Amino acid sequence: MKPGYHLPYCPNFRSPLSGITGNWGYRISAGHEQNQRWSDSNAPALNSQRIGGMAEYQLPNQGQIRAEAGLSRANPYNSFVTDISTTADHISQAHSLLSFERNGLLLRGWWNSQSFKTPSSDIFPPLTPLFAVTDKTGQTAGTGSFNTYDVETRYQFNPLAPLKLTLGTNFRHIVASWNILDTRTIENRLGLYTQGSWLLLPSLEVNTGVRYDLDSFHEPTLSPRGSVIYHVHPNHMIRFSGSVAYRPPTTFEVGQHSIITVTLPGLPPSSSVTLGSSSVNPEKVVSYEAGYQGWWWEHRLRTRVTGFFNQIRDLIIFRNPTNNPFNPAIPINANSADMYGGEVGVEVLMTSWLSGFANYAYQGSMQRSGGVTERGFPHHKVNAGLRVTWESFKGEALYHHVGMASYPLAEPFTNLAPFFPPGTNLPQQGVPAYHLLNLRLGYVLWRQQTGDTMREAELALSVFNALNDTHREHPLGDLLGTRVMGWLTVKL
C-alpha cells in the first residue's frame, strides 16, 4: 500500500423495494452510510440512516395521484466549512408530498423539515483565544429547526396548435427557529407565473415567461425571461436566452442576532453585535446565455458549446455602516460583480457497452468589492469519463482537473494577525490545482425481471482519488487522500 492511502471502515447499504399492481405503483427504500474523517480514520465524519416510501395511482388520460414521505438522520455530519470555522452537526430531515396531475392540471403540496444540533463551532486555531462568535446568551453551541410548507398549482394548455401556455402559482410558508436568530422567524412567499412556448416555424421556437413574487420582507419583484431556439439542421441547433432573477434575503440575514467577542492580550474583552434586517433589497442577477448543440454519427455523438454572462447586483453582506464599534453590523447591499464563462463538451456512445464524455469549463469575474472580501473559485475545470456495462459487470472511471483558486482571508485573520503568536501558520489563500481520479467496479450478484419491475443485488468497490493526489478543496478543508469504499445495493 502506498504511503498516504486512507482505508477507513466505510459501510454503505441501500435497499429499495418497488413494484406495480394494476394501477398502483409503490417504492420503499432504506439506506445506511458511514464514512470516517480524513484527519482521523477512527472518528466518524458521517453516520446516516434514511427510509422513504412512495405510492402512486394511475388515472385515465395520463392522470396520476402520488404520495411520498421520508425520514433521515446524520449523527454526526462533519462538517460545514465557513471562512473562519468548521462544525460537526447532528441533523434530522423529513419530507412528505401529495400531488394530483391530469389533463395538464397539477396540484401539489409538500412539507420539508430540518432540525440540527451543533455541539460547538470550531474556530480556526490561531483565532480561538482572540475571537469568538456566540448567540445572544453567550452560547457557542447551536440548535435549530426549519420547516417549509409549499402549495403549487399549474395548468398547461394549447390555445393554438403551435402555442403552449403554462399558468401557475406557488405559495411557501417558512418557520425558522434557531438560537442564533433574534426570535422565531416566519416568512411567506407568493409567486405567480406564466410561460409560453411558440413554434413559429418548424425550425424556430420562441419561449417567453414572466414571474411576479411577493415576500414578507421586501417589495414585489418582476422576473422576465425568454429564449430563442433555432434548428439550423435537424441534428444541429443554436439557442439564445436572457433572464432576470432575484434572491430575497434569507432567514439568517433577516433574523440573525449574534455576538462577536474579541479578546486582545492585556485588554478586557470587547464585544460587538450582528443583527439581521429586512431593510435590504433582493440580490439581482441579469443573465445572458448562448449555446450550440449538435448530433453526429447517427446520434451516437453529441457536441455542446455554451457561453454565459451574468450581471449580479445588490449582493447582501454584513457590515457596520458606521465607524462606531458600539453600533451593530447589519446586512446591506454593497457588492456587485460580473460573471462570465463557458463550457465545451462531447458525449459519445462508442459501443453498446462503452460510453464516454469529456468537457471543459471556464469561469471568470469582474468584481467590484468595495473593500469587502471577494469570493474565491477556480477558473478552469476539466471532466472526462468512461462507463462500461458488460454482462454482469459495471465499471466507471471519472477524471476531474480543478484549477487553482484564491480565497482571500476573512477579516478576522487580517485584523488580528499582529496578535498571533510568532510562527503562526495562517491558512493559505491559494488552493493549488489538483487531479482527481475516481474508479468504481460493480458486479450484479442476482437479477430478476418481473413485468416492468427489475430486482437485483449488486456488490461494488469504489476508489476515491485513485492517484492519491492529496489536496484541499478549501483553505480550511481537510487534506483529502485516497479512500476505498464498498457498496451493497439490493433492489426488490
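None of the values given here were measured: they were computed from a predicted structure.

### What to know about the overall build of the chain
- A tally of helices and strands in the chain yields two helices and 28 strands.
- Projected onto its principal axes, the C-alpha positions of the chain cover 75 × 60 × 45 Å.
- Out of the 492 residues belonging to the chain, those deemed buried represent 35%.
- Of the contacts formed within the chain by residues at least 6 apart in sequence, a portion of 57% connects residues at least 24 apart.
- Split by element, the accessible area of the chain, about 27,200 Å² in all, is 59% carbon and sulfur.
- The positive charge centre, built from 37 side chains, and the negative charge centre, built from 35, are 4 Å apart in the chain.

### With respect to the pattern of salt bridges
- With the rule as written, the count across this model stands at 20 salt bridges.
- With a closest N to O distance of 3.1 Å, Arg66 and Glu68 form a salt bridge.
- With its nearest N and O atoms 2.6 Å apart, the salt bridge here joins Arg108 to Glu152. Note that Arg108 is positioned in strand E7 (residues 105-118) and Glu152 in strand E10 (residues 142-160), a separation of 44 residues in sequence.
- According to the relative accessible area criterion, Glu152 is buried, its value standing at 11%.
- Several salt bridges share partner residues, and in doing so they unite Arg302, Arg304, Glu343 and Glu347 into one network.

### As for the nonpolar core
- Core analysis: the largest hydrophobic core is formed by 10 residues, namely Ile84, Ile123, Leu127, Leu130, Phe131, Leu409, Ala410, Phe413, Leu416 and Phe420.
- Those residues in contact with Leu416 that lie beyond four places of it in its chain are Leu127, Leu130, Phe131, Val262 and Leu264.

### Regarding the packing of aromatic side chains
- Per the stated rule, a full pass over the model turns up 12 aromatic pairs.
- Arranged with centres 6.1 Å apart and planes meeting at 15°, the rings of Phe116 and Phe146 form a pair that is stacked. In this pair, Phe116 is assigned in strand E7 and Phe146 in strand E10, connecting sequence segments 30 residues apart.
- Seen from their ring centres, Trp178 and Phe252 are 5.7 Å apart, and the 40° between their planes marks the pair as tilted. Here the residue Trp178 occupies a position in strand E11 (residues 163-178), and Phe252 occupies one in helix H1 (residues 251-255), the gap between them amounting to 74 residues.
- Relative accessible area serves as the criterion here: at 30%, Phe252 is assigned to the partly exposed category.

### Some details on the confidence of the model for the chain
- Looking at the chain as a whole, its pLDDT mean stands at 89, while 93% of the residues score no less than 70.
- Segment residues 1-9: pLDDT under 50, and 20 contacts once partners within four positions in sequence are set aside and those in other chains are kept.

### Regarding the side chain of Asn170
- Along the polypeptide, Asn170 turns up in strand E11.
- Overall, Asn170 belongs to the buried group, its relative accessible area being 18%.
- Here the side chain of Asn170 touches Arg211 through a polar contact of 2.8 Å, side chain to side chain.
- If near-sequence neighbours (up to four positions away) are discounted, Asn170 is found in contact with Val151, Glu152, Arg189, Leu190, Gly191, Tyr193 and Arg211.

### Describing the sheet that holds strand E9 (residues 131-135)
- In space, the three strands of this open sheet follow the order E9-E16-E17, with antiparallel pairing throughout. Of all strands in the sheet, those bounded by a partner on one side alone are E9 and strand E17 (270-275). Neighbouring strand axes in the sheet, compared pairwise and without regard to direction, differ in orientation by 25° on average.
- As judged from the six bridges shared by strand E16 (residues 257-262) and E17, these two strands associate in the antiparallel manner. When the bridges of E17 are listed, Val262 appears paired with Ser270.

### What to know about the side chain of Asp338
- By the element assignment, Asp338 lies in strand E20 (residues 330-351).
- Only 3.1 Å separates the side chain of Asp338 from the side chain of Arg313, close enough to count as a polar contact.

### Remarks on the pairing of strand E19 (residues 301-319)
- As judged from the 13 bridges shared by strand E18 (residues 283-296) and E19, these two strands associate in the antiparallel manner. Residue pairing across strands places Gly291 opposite Thr306, the latter belonging to E19.
- Taking the residues that link successive antiparallel strands as the turn, the E18-E19 hairpin has four residues, and the phi of Trp297 there is positive, at about 55°.
- Strand direction decides the pairing type here: E19 and E20, joined by 17 bridges, are antiparallel. Looking at the pairing, Phe318 lines up with Pro331 of E20.

### Some words on the environment of Lys117
- Considering the arrangement of structural elements, one finds Lys117 in strand E7.
- Judged by relative accessible area, Lys117 falls into the partly exposed class, the value being 47%.
- It is 8.8 Å that separates the C-alpha atoms of Lys117 and Ala88, two residues lying 29 residues apart in sequence.
- Sequence-distant contacts of Lys117, defined by excluding residues within four places in its chain, comprise Ala88, Asp89, His90, Gly142 and Thr143.

Criteria and cut-off values
Residues numbered from 1 in each chain as written. Predicted model: local features only at pLDDT ≥ 70, side-chain atom pairs only at ≥ 80, totals over all residues. Heavy atoms only, no water. Helix = DSSP H or I, 4+ residues; strand = E, 2+ residues; numbered from the N terminus. Buried < 20%, exposed > 50% of the residue type's maximum accessible area, 1.4 Å probe, protein only. Contact = heavy atoms within 4.5 Å. Areas by Shrake-Rupley, 256 points an atom, 1.4 Å probe, with all protein chains shown as cover. Lys, Arg positive; Asp, Glu negative; His and termini not counted. Charge placed at Lys NZ, Arg CZ, Asp CG, Glu CD. Salt bridge = Lys/Arg side-chain N within 4 Å of Asp/Glu carboxyl O. Core = buried A, V, L, I, M, F, W, Y, C linked by side-chain atoms within 4.5 Å. Phe/Tyr/Trp six-rings, centres within 6.5 Å; stacked < 30°, edge-to-face > 60°. pLDDT = per-residue confidence, 0-100. Polar contact = N/O pair within 3.5 Å; in protein donor to acceptor, adjacent residues only side chain to side chain. Pairing = 2+ DSSP bridges. Axes fitted to C-alpha atoms, helices over the stretch in contact; angles between N-to-C directions.

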